[in-house]
Amino acid sequence: MTTKSTSLSFSELKTKATVLSSNMKLNVEKISRYGIELPAFTNEMDADLLQADVLNNEQERLKSELKAKTEELNALMLKLEKNYALGKKVVKLAEPQANWVAYGITDKK
């Protein structure tokens, strides 16, 4: 797993990288003198930007799905807790305390 190498947000990095790539393409002669292979470098950067955008969109979709599933689970857990409490109450009324253990109830009173 890679570590975070920048403190820029996704949108800031995307904007800055797009501007950098665009301006490098406009100044190929100046930039190429310093040992960077243009346009291969900018083509790779542009492809990475597109891939990052796709991954970011997928991540946002998954976050949304996770939030919905969490809400669904929480609602079901609440219902289950209420039903458990009701069932426990009924067993305590119907059975003597000695038999509660058979139902998984370990309460003393």
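Note that the structure is a prediction, hence the values are computed from the model and not measured. (Residues numbered from 1 in each chain as written. Predicted model: local features only at pLDDT ≥ 70, side-chain atom pairs only at ≥ 80, totals over all residues. Heavy atoms only, no water.)

Draft legend 1. Representation of the overall build of the protein. Check the secondary structure of the protein and you find 3 helices and 0 strands. Here the C-alpha coordinates of the protein stretch approximately 90 × 20 × 20 Å along the principal axes. Considering the protein as a whole, with its 109 residues, one finds that 10% of them fall into the buried category. Look at the contacts in the protein between residues 6 or more apart in sequence, and 27% of them connect residues 24 or more apart. Across the protein, 17 positive and 15 negative side-chain charges occur, with their mean positions spaced 11 Å apart. (Helix = DSSP H or I, 4+ residues; strand = E, 2+ residues; numbered from the N terminus. Buried < 20%, exposed > 50% of the residue type's maximum accessible area, 1.4 Å probe, protein only. Contact = heavy atoms within 4.5 Å. Lys, Arg positive; Asp, Glu negative; His and termini not counted. Charge placed at Lys NZ, Arg CZ, Asp CG, Glu CD.)

Draft legend 2. Spatial organisation of the side chain of Thr42. Secondary-structure assignment places Thr42 in helix H3 (residues 40-94). Excluding residues that lie within four positions of it along the chain, Thr42 makes contacts with Ser21, Met24 and Lys25.

Draft legend 3. Summary view of H3. Between its first and last C-alpha, H3 extends 79 Å over 55 residues, near the 81 Å set by a 1.5 Å rise per residue. When we look at burial in H3, the residues that qualify are Thr42, Met45, Leu49, Asn56 and Val91. (Expected span 1.5 Å × (residues − 1).)

Draft legend 4. Main features of the pattern of salt bridges. Scanning the entire structure with this criterion turns up 7 salt bridges. The salt bridge partner of Asp107 is Lys92, with a shortest N-O separation of 2.6 Å. Taken together, the residues span a long stretch of sequence, with Asp107 in the segment after H3 and Lys92 in helix H3 at a distance of 15 residues. Given a relative accessible area of 26%, Asp107 falls into the partly exposed group. Shared partners join several salt bridges into a network, and the residues in it are Lys88, Lys92 and Asp107. (Salt bridge = Lys/Arg side-chain N within 4 Å of Asp/Glu carboxyl O.)

Draft legend 5. Up close: unusual backbone geometry. A cis amide bond, omega 5°, links Leu38 with the succeeding residue Pro39. Here Pro39 shows up in the loop between helix H2 (28-32) and H3.

Draft legend 6. Just a nonpolar patch on the surface, in detail. On the surface, Leu73, Met77 and Leu80 cluster together into a nonpolar patch covering about 300 Å² of accessible area. A relative accessible area of 41% means that Met77 is categorised as partly exposed. (Patch = residues over 30% accessible without salt bridge, like charges linked within 9 Å, V, L, I, M, F, W, Y side chains within 5 Å. Areas by Shrake-Rupley, 256 points an atom, 1.4 Å probe, with all protein chains shown as cover.)

Draft legend 7. View of the confidence of the model for the protein. For the protein, the mean per-residue pLDDT works out to 93, and 94% of the residues sit at or above 70. No element of the protein has a lower mean pLDDT than H2, which averages 92, and none a higher one than H3, which averages 97. (pLDDT = per-residue confidence, 0-100.)

Draft legend 8. Representation of the packing of helix H1 (residues 10-26) against H3. Put simply, H1 and H3 touch, their axes get as near as 10 Å, and they point 155° apart. Relative to H3, H1 is oriented roughly antiparallel. With respect to the hand of their crossing, H1 and H3 are arranged in left-handed fashion. Contact residues: H1 offers Phe10, Lys14, Ala17, Thr18, Leu20, Ser21, Met24 and Lys25, while H3 offers Phe41, Thr42, Met45, Asp46, Leu49, Ala52, Asp53 and Asn56. Counted by class, the contact of H1 with H3 contains 8 nonpolar, 4 polar and 4 charged residues. (Axes fitted to C-alpha atoms, helices over the stretch in contact; angles between N-to-C directions. Parallel < 35°, antiparallel > 145°, perpendicular 65-115°, else oblique. Left-handed = near helix turned anticlockwise from the far one by under 90°. Nonpolar A, V, L, I, M, F, W, Y, C, P; charged D, E, K, R; others polar.)

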